[in-house]
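# Coordinate inspection notes
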Amino acid sequence: MKHIVFLIAVMALAGCAQLHPADTANTEKPAAPTVVMRFDIPADALGARDPQLATVLAKAGALAAAQRQPTVIRVTALGQDLRYLNEAIWKGVPPRQSLKPALENVTAGANQTYSVSIEPLQSGD
C-alpha cells in the first residue's frame, strides 16, 4: 500500500511539472559566450617584430572596436611582450571610439601558446 501511495505522489508531481514548463526554462544555463575571433601568435613573428604581425594585431583591434556590443581582447603572451602587443592592437582602434574594447593581458606560462582572442564582454568580466 505504501508503494502505491508513493507512486501516486510521484505521478502527481510529474504531472505538475509538465503543467509549468516555464518554471523549468529558467533553470537552463545561459549559452557560453561566442568568440568573435581567436588566433595564435607565432613566437618567431613576435620575436622578430614582424610587420605583418603588427598589421594583423591592428586589424584585431579594429574588429573588436567595430562590434555592436562591448568586447574584451585577451592577449596571452610573456610579460615582456605584452606592451608591444597591446600597442599594436590599440593602433587599430579608432581614437575617437566612444566605446573602446577592454584589454585583458594574461601572462603565458611555460609551453603555453601566445594568442589573441576577441569575445563579447560579459557583465561579470
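Since the model is a prediction, treat every value here as computed from it, not as a measurement.

Right, let's talk about the packing of aromatic side chains for a bit. Going through the model one piece at a time under the given rule, you end up with zero aromatic pairs. Over the aromatic face of Tyr-84 sits the side chain of Arg-49, whose NZ or CZ is 4.2 Å from the ring centroid.

We now examine the pairing of strand β4 (residues 115-120). Of all six residues in β4, six are buried; the element is thus mostly enclosed. Pairing of strand β1 (residues 37-40) with β4 involves four bridges; the strand directions are antiparallel. Of the residues in β4, the one forming a bridge with Arg-38 is Ser-117. Where strand β2 (residues 71-77) meets β4, six bridges bridge the pair, whose relative direction is antiparallel. Its bridge partner being in β4, Thr-71 is matched across the sheet by Pro-120.

Strand pairing in a sheet relies on backbone hydrogen bonds, with the paired strands running either antiparallel or parallel. Read across the sheet, four strands follow the order β1-β4-β2-β3 without closing on themselves; strand pairing throughout is mixed. Edge positions in the sheet fall to β1 and β3 (102-107), since each has one partner strand and no second. On average, each strand axis in the sheet is tilted by 15° relative to the strand beside it, whichever way the strands run. As judged from the six bridges shared by β2 and β3, these two strands associate in the parallel manner. Residue pairing across strands places Ile-73 opposite Leu-103, the latter belonging to β3.

Conventions adopted
- Residues numbered from 1 in each chain as written.
- Predicted model: local features only at pLDDT ≥ 70, side-chain atom pairs only at ≥ 80, totals over all residues.
- Heavy atoms only, no water.
- Phe/Tyr/Trp six-rings, centres within 6.5 Å; stacked < 30°, edge-to-face > 60°.
- Lys NZ or Arg CZ within 6 Å of the ring centre and 35° of its normal.
- Buried < 20%, exposed > 50% of the residue type's maximum accessible area, 1.4 Å probe, protein only.
- Helix = DSSP H or I, 4+ residues; strand = E, 2+ residues; numbered from the N terminus.
- Pairing = 2+ DSSP bridges.
- Axes fitted to C-alpha atoms, helices over the stretch in contact; angles between N-to-C directions.

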